[in-house]
Structure formats: structure tokens, C-alpha cells
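# Coordinates in review
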Amino acid sequence: MERSSFGFGRSSRNMANVAISPEFLLVNWPSSNWNGTAGSGFAAAPADPPRTAAKPAMRLLVPPNQYYNNEIVVGVVAAANFNGSLRDNLGTEKVVAHFEGSSVSITSASFRAIVDSNGKLVAYFGWWVCLVNRGLHGHANLYSEAIPKDASMQSRVIGPYQFSPAAVLHDYDLTIEPSQAQVVGSRYQTLPPAIAYLKSVNAQNPRIMIKEAGNYDVTFTAPTYTGNGWLTIEADVPVNLKRATLDPVDNNNVFRCRYNGIRFKGENITFDMVSHSAIWTETATPQRYHWLDGCRVTNSAIDGDENKSSIGARDRGPWAYWST
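Presented here is a report on the structure given in the accompanying data block. In this text the structure is predicted, and so the values were computed from the model without any measurement.

### Regarding the overall build of the chain
- The helix and strand inventory of the chain stands at one helix and 23 strands.
- Residues counted as buried form 50% of the 324 residues belonging to the chain.
- Look at the contacts in the chain between residues 6 or more apart in sequence, and 75% of them connect residues 24 or more apart.
- Carbon together with sulfur atoms contributes 50% to the accessible area of the chain, which is approximately 14700 Å² in total.

Laid out in C-alpha cells, this is it:
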């Protein structure tokens, strides 16, 4: 079961005192018109109305473009001013999840307990729906609509966000083992040739598992590539992702994979920012950022050099990323 969530309203302390939503969730799956192509289930896709009045604040809590072979719980946060307060259901009448022609109404926000990528129980506050894989596979679009209690305000619609029911979660599964010989399409000694292979075979939702401890770098390997899902990079043992040396040319001083949409998963992965100033995302349309999912970010420098202590990007690189 693939479940994940973006870290808004996260609480991992005093869980006994947190009101957790019950196991029953509203479920949603595409309409019978959906043929596996994103957008095909809608007679007319939802659209955010042109702004003429105030709208609820709203954002997705779960990184999009995830594949799931059973079900996935997806949440949004939505709130609106109602008589000067958010006390009454966050000023929101309901949130409607529109998923390829079918819709369900979520009438109240709640904390949702989730086991994160490191096996820890955390809670997030939002409006939740469960997307279920019923055996038809492909890419599906989800929109969320927040309807305010104040009738003078407009509704807000966000989306589309792609979620993909699939028979197999990862279309390619590679390992990194520096002490072993390379086996093309299966095992590599370093990350760059593994990533280059995935690009060459048009991988959509692959995984790389690092099996041996050490420091790992990714050099510039053009051209840029973006799959429909995520490239998940995990590690069986603690590893550091870092450049070998600090490049005197600042624009070269980045951790740059030339692969958009990488999910760095788990606390065994540590980014050591001692010799690079950014985890780089290439410009693309639509923009696909990286996902720091339970991994660590640190700096082994002891001199306090400001150039070696940030995470983001310089002039040319998009700086945003998902963080859970």
C-alpha cells in the first residue's frame, strides 16, 4: 500500500492527544469514461473560476505524480475567513475531490495518521480522500475544489494533479554496488550511468537502491529527462550524497542530475552541502521538482562558509522542492 503526504500541519508528538480521522475514508476512482489517458474521464475538466471575489486558500498536501498498485490517500489543506474566524470547519463548507469524472464531497477536515518513509507515525491536518486502484491502469487527473461557508466568496479549484494506478509500482529496479561488476540494466557502481540507463529506456517510475556505504556524486549528464512518475533513490545503508570537491565556478557547484522528479527517500540518505550550493532542478513545463522524503540535509564544514551552508539554487536553478 503506497501512502505518503506532504508535511503541512505535521505532528509526531503527543499522538494520544491528537484527534485522528477514523480508518474509513471516502474512496474515489475514475469514471467509466476514463481510458487510462489523463483527462479522458471528464466530460469537461474542472476549472478555477476567474477571480471576482475572495477565494479559500488551498494547496495539495501529497506530492503528485505518484504511482500506486493498491490505494493512495491524498489530502489538501483548505481554509477561508468566515465571520473573522477559522473555527467553523476552517471556514469551509466542503472540499470536493474530482477524479477523472467522478466526485466525492469531504465535509470536514481532520488529522490523518500516516507512517512516513522512516516508519514513524506522524499526523497531518487536511481534507482526505482515498484513491483506489480497481484494475484499469494509466494516468489520472485529480482536481480539488474548496467551497467556502461565506456565500460572498468564490470557490477555488486546484489541479490537475496526476496520480497513476499501476499493476507494478516500479518499471525498473536498479542497484548501486561499487564493489561489484556492472550489469547493464541491473547493477551499477555509481549513480550517473544508472541514471543515464533509465533515461535511455524511457523509464517512468523507476527505483535505484544503493547497497553499499560511501559518498556518491552525480555529474552533469545531459540531456534533461522527466518521467511521468518519480525516480526513487533509496539506500540500504547510510550514504552521503556530495560532490567530491568544491568547484571554483559557482554555477558548477551544484548537485545536478539532469533528471527532474527524483524522490530521495529515507534517513539513510544524507545530503552533505559542504561542496555544493544547490540540489538542482532543471526548468521544464510543467515544472517538476525533487522530493526530499525523510532524508537528511547537513554540512560537514566547520568554517561556517555561507556558500557551503544553504540548500536551494543560484541564479539559474528553480529552488523549490517537496519536503516530507
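Next comes the rest of the write-up.
### Looking at the nonpolar core
- Core analysis: the largest hydrophobic core is formed by 38 residues, its most contacted members being V74, V95, W127, W128, L131 and F163.
- Every element with two or more residues in this core is listed here: β2 (57-60), β4 (71-79), β5 (92-99), β6 (102-106), β8 (121-132), β9 (140-148) and β10 (156-165).
- It is β8 that provides the largest number of residues to this core, a total of eight residues.
- The next biggest cluster of nonpolar side chains, apart from the first, holds 30 residues, and it includes L198, Y225, I262 and M273.

### A few points about the packing of aromatic side chains
- A complete count under the given rule lists nine aromatic pairs for this structure.
- When the ring of W230 is compared with that of W291, the centres are 5.1 Å apart and the planes differ by 65 degrees; the resulting orientation is edge-to-face. Of this pair, W230 sits in strand β15 (residues 225-235) while W291 sits in strand β21 (residues 291-293), placing them 61 residues apart in sequence. Of the two residues examined, W230 and W291, each falls in the buried class.
- Ring centres of F264 and F271 lie 4.9 Å apart, and the angle between their planes is 80 degrees; on these two criteria the pair is classed as edge-to-face.
- The class of F271 is buried, set by a relative accessible area of 0%.
- Each residue in the set Y172, Y188 and Y197 is aromatic and connected to the rest through ring pairs, giving one cluster.
- Here the basic side chain of R288 rests over the ring of W230, its NZ or CZ set 5.0 Å away from the ring centre.

### Here we look at the sheet that holds β5
- Read across the sheet, five strands follow the order β3-β10-β9-β5-β6 without closing on themselves; strand pairing throughout is mixed. With one partner strand each, in any of the chains shown, β3 (66-68) and β6 form the two edges of the open sheet. Averaged over all neighbouring strand pairs, the angle between strand axes comes to 30 degrees, with direction disregarded.
- Across three bridges, the pairing between β3 and β10 is parallel. For Q66, the partnering residue across the bridge sits in β10 and is F163.

So, how was this worked out
Residues numbered from 1 in each chain as written. Predicted model: local features only at pLDDT ≥ 70, side-chain atom pairs only at ≥ 80, totals over all residues. Heavy atoms only, no water. Helix = DSSP H or I, 4+ residues; strand = E, 2+ residues; numbered from the N terminus. Buried < 20%, exposed > 50% of the residue type's maximum accessible area, 1.4 Å probe, protein only. Contact = heavy atoms within 4.5 Å. Areas by Shrake-Rupley, 256 points an atom, 1.4 Å probe, with all protein chains shown as cover. Core = buried A, V, L, I, M, F, W, Y, C linked by side-chain atoms within 4.5 Å. Phe/Tyr/Trp six-rings, centres within 6.5 Å; stacked < 30°, edge-to-face > 60°. Lys NZ or Arg CZ within 6 Å of the ring centre and 35° of its normal. Pairing = 2+ DSSP bridges. Axes fitted to C-alpha atoms, helices over the stretch in contact; angles between N-to-C directions.

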